[in-house]
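Breakdown of the fold
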Amino acid sequence: MHKLLKQDIGEKMMLLGNEAIARGAIEAGLAFAATYPGTPSSELSLNLFQISQESDLYFEYSTNEKVALEVAAAAANSGVRSMAIMKHVGVNVAADALMTLAYVGVTGGMVVLSADDPFMFSSQNEQDNRYYAKLSGLPMMEPSSVEEAKEMVAKAFEVSEALNEPVILRTTTRINHSTAPVTLGEIKPRVTQGIFEKDPFSKVTVPAVSRNLHVKLLENIDKAKALAEKSEYNFIEGTGSGGIICNGVSYNYVADAVKDLNAAKNIKILRIGFSYPLPEQMIKNFLKDCDQVLIVEEGEPYMEEAVKAFAQEAGLMLPINGKKKDLFSRLYEYNPGIVRQNIATYFGIDSTPAAIPDMSDVPDVPMRPPNLCAGCSHRATFYAVKKAAEGLDTIYPTDIGCYTLGFLPPLSMADFLICMGSSVGTSCGFSKVNTNKVVSFIGDSTFFHSGIPGLVNAVFNNHNFTLVILDNGTTAMTGHQPHPGVNMDDFNLKDYKQVSIEKLVRAIGVEHVTLVKPYKVKKSIQAIKEALEYQGVSVIISEEMCTLYAKGLKRLKQRPFYISDKCTNHRECVNELACPAFFIEGTKVNIDADQCVGCAICAQICPENAILPVKAKA
Amino acid sequence: MDTKRLIIVAVGGQGNLLASSVLGEAALVAGVPVRMSEIHGMAQRGGVVESAIVFGEAKSTIIADGEADVLLGFEPSETLRALNKCHAGTVVITNTAPLPPFTVAIGKGVYPDLDQLQDLIQSKTERLIALDAVALAKEAGNVLAVNMVLLGSLIQIGILPFSADDVKTAMQNKTKKAFLASNLKAFDLGYQAAAG
């Protein structure tokens, strides 16, 4: 049985934040969930995917976040408790659906999970999705800890059903990827089948309907505000005339700092966990009791701006600060040290910052950036495209996935990236205003996610570039989730169909389509050269299963290579491929047989044919 | 109970997350409050994996620079890189078997001299325990048990508020049965190595 289905009420388990949220959702009777994988939310979906295979929970990996939100919204509009799960930038993709779903609302509980990523541990930006609550008018809740995250899911469903609209549950990486003991609660029964009650005059958003729905949404914001005023997730701790207003993980750093600074009698803390709408009256009352207030929130001054406006309305002149030079930054994530020092400075408390060792005589430690795996087919494709494009002035738009790592030297095969699917759209623009040959890269899962409309656009507007679809048979970057091109037999799952990328590309009207097997270096280079010469839109589909995934499926026959005495140290292998299986011993290149999977790319490019299979040596 | 802050740094694949999970479970077994956070940095693609574990009464799950009581490094250059997490009273435990990053192979960096690395860490912290955890793991019969060797050393120094038995119980719950015997042996070898 899946560990998150355990019925042992009251038992304590160490759970990852994402597992705790999954458990909270299961306890709340979640019956339907849809997602597109994205760090830091991926393990939440993975757990629900696993649970769905041994229960009547419905779960799907949808093609993108907008689709996931729509899928879940329909279930919720049929009275079924549903969840749409995505990373922060995924909400951008889903935003079109979200804004008007806020008008239509739901009949069953619906929670939209937005996993934000301050510091961009694994994201292209660190946008603060609290503004989506304000923009849509939907209630928002934010946990400060793993334990609270589990409890809050159930509360979010209750609020959703009380107001008949979705609730945004906003986490940050340090919630999703923290681990703490969590007490198991009772699992409510799931209601998996719903009834959709037709009501076109409140569910079909033609202008005349929407004008009424907007009125309803504004009334709902007032109702939500009343709930926020008395929510257990907005609370005050401590006493004194100094005040701190904080949210999310910042609350932990504040609470620890106030304790460390022995300031609990001088500084009181208002922790905001129900953060849209903000509890206006509660905040005004808090401000009235304070001489000065500090706002501690990672990201944008979301609360700070609102609190300053509340103070103005209440006629209060006390200093309120947060984001400011020499105080808190809008950049990156906070930590206990930063928060403690800023609290001490702001409230005039003596505190010595932690003494970090003098690092001036410590030599630079060589960087250890993530690298494409040994035997990664992307490395082979990048090498082949690079060789095929020799002599051409190129622009290489890339996309989001493991292959983004191709931007690192020595491959250096990435020039432009803004978001999922942007490789295709930007290729259209680049090729129109530059004389360079544009060659762009997109992974299979990303192609399904948001590459297809760009390609349709390219064919229709008759653009001129080559799109390389890196088809490794999985969503590798986020942990090998399926996508529509995957054969679900690999997961021992039935009742799925498989969408062929090649057929899709041809059906879109791409006239020059080439399939390559990137482990065959010479053949690939030749085929890619022909595709690059084509005037118009050409597509290369480079097919080879992700090595990590193949290992996981036990399909990888590892047959390592070694470097024989024939080697004269040209080092083309290391310098052009930078495969992590290579290492330098003295002056000689060697291959780590444990890492080498035997893709044989290096063997094919070695000028002396010095790289040979280990098996042949014996 | 005093709060104790532990940072573990490793390279993807060295088993840091399992080690953290064993420590978390051990704390749960011993009734010690515990919270931790991890940053994977694309662990499976050779990046750095960092875990922060806070034992005792604290709400934070991360550890600021200069605030770790113990630094446990699975790879010597990564231990050195994380030295800014330490203060003058920090105890550092490091594996001495290097795993040079591929940037060294392509000439984009020089791997630090291992003797100098140890001298530097020693001079800036309370105490350094350096051991070849790979050799000890091999001796235990499982080259992948580097993490359990280092856990043994970590428990020997006696800073964390639970016992070797608590950790062994957690190992039984958290590690694969087939490896339990070699894991326990690895743990004991690491424990003895730290005792000197």
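Residues numbered from 1 in each chain as written. Chains lettered and ligands numbered in written order. Predicted model: local features only at pLDDT ≥ 70, side-chain atom pairs only at ≥ 80, totals over all residues. Heavy atoms only, no water.

1. Regarding the sheet that holds strand β10 (residues 242–247) of chain A
Selection rule: Strand pairing is defined by DSSP finding a minimum of two bridges between the two strands. Counting from the N terminus, the helices are the DSSP runs of H or I reaching at least four residues and the strands are the DSSP runs of E reaching at least two.
Read from one edge to the other, the open sheet built from 5 strands follows the order β9-β11-β10-β13-β14 (chain A), with strand pairing classed as mixed. Of all strands in the sheet, those bounded by a partner on one side alone are β9 (234–237) and β14 (320–321) of chain A.

2. Details of the packing of aromatic side chains
Residue and element names in this part refer to chain A. Which entries qualify depends on this criterion: Between rings of Phe, Tyr and Trp, where Trp is taken as its six-membered ring, a pair exists when centres lie within 6.5 Å; planes separated by under 30 degrees are stacked, by over 60 edge-to-face, and by other angles tilted. Exposure classes here rest on a 1.4 Å probe applied to the protein chains alone. A residue is buried below 20% of its type maximum, exposed above 50%, and partly exposed in between. Whether a charge sits over a ring comes down to the Lys NZ or Arg CZ being within 6 Å of the ring centre and within 35 degrees of the ring normal.
One pass over the structure, following the stated rule, counts 17 aromatic pairs over all chains. Each ring, one from F119 and one from F121, has its centre 4.9 Å from the other, and the planes form 55 degrees; the classification is tilted. Residue F121 is classed as partly exposed on the basis of its relative accessible area of 26%. Through pairs of rings, three or more aromatic residues link up here, namely F49, F59, Y61 and F491. Directly above the aromatic system of F286 lies the positively charged group of K268, at a separation of 5.7 Å from the ring centroid. When the ring centre of Y251 is taken as origin, the NZ or CZ atom of R271, which lies over that ring, is 5.7 Å away.

3. Describing a nonpolar patch on the surface
Residue and element names in this part refer to chain A. Heads up, the condition is: Patches here: salt-bridge-free residues with over 30% relative accessible area, like charges joined within 9 Å, nonpolar side chains (Val, Leu, Ile, Met, Phe, Trp, Tyr) joined within 5 Å. Surface exposure here means Shrake-Rupley accessible area, sampled with a 1.4 Å probe, where a residue is shielded only by the protein chains that are shown. Salt bridge, as applied in this entry: a Lys or Arg side-chain nitrogen positioned within 4 Å of an Asp or Glu carboxyl oxygen.
Together, F119, L331 and Y332 line one region of the surface with nonpolar side chains, adding up to about 290 Å² of accessible area. Assignment of secondary structure puts L331 in the loop between β14 and α13 (336–347). Look at L331 and you get partly exposed, because its relative accessible area is 47%.

4. Quick word on the domain arrangement of chain A
All names here are of chain A. For clarity, the cut-off: Here the limits of each domain have been adopted from an automatic or database domain assignment. Values labelled buried area give the accessible surface lost by two parts on being combined, using a 1.4 Å probe and summing over both. Polar contacts, as used here, are pairs of N or O atoms within 3.5 Å; protein pairs need one atom able to donate a hydrogen and one able to accept it. Residues neighboring in sequence count only if both atoms are side-chain atoms.
In terms of domain boundaries, chain A breaks down into domain 1 (3–229), domain 2 (234–347), domain 3 (377–552) and domain 4 (561–617). In this structure, domain 1 and domain 2 have C-alpha centres spaced 27 Å apart. Note on domain 1 versus domain 2: buried area summed over both sides is about 2400 Å², and carbon and sulfur give 53% of it. Interface area lost by domain 1 to domain 2 is led by R130, S144 and E229, which between them contribute 24%. Counting every contact that joins domain 1 to domain 2 gives 4 salt bridges. Here K225 and E280 are joined by a salt bridge, their closest N and O atoms 2.9 Å apart. Here domain 1 is connected to domain 2 by 21 residue pairs in polar contact (both at pLDDT 80 or more). Elements with a contribution of two residues or more to the side of domain 1 that touches domain 2: α5 (130–136), β6 (140–141), α6 (146–163), β7 (167–172), α7 (173–176) and α9 (207–229). Considering every element that reaches the side of domain 1 that touches domain 2, the biggest residue donor is α9, with 6 residues.

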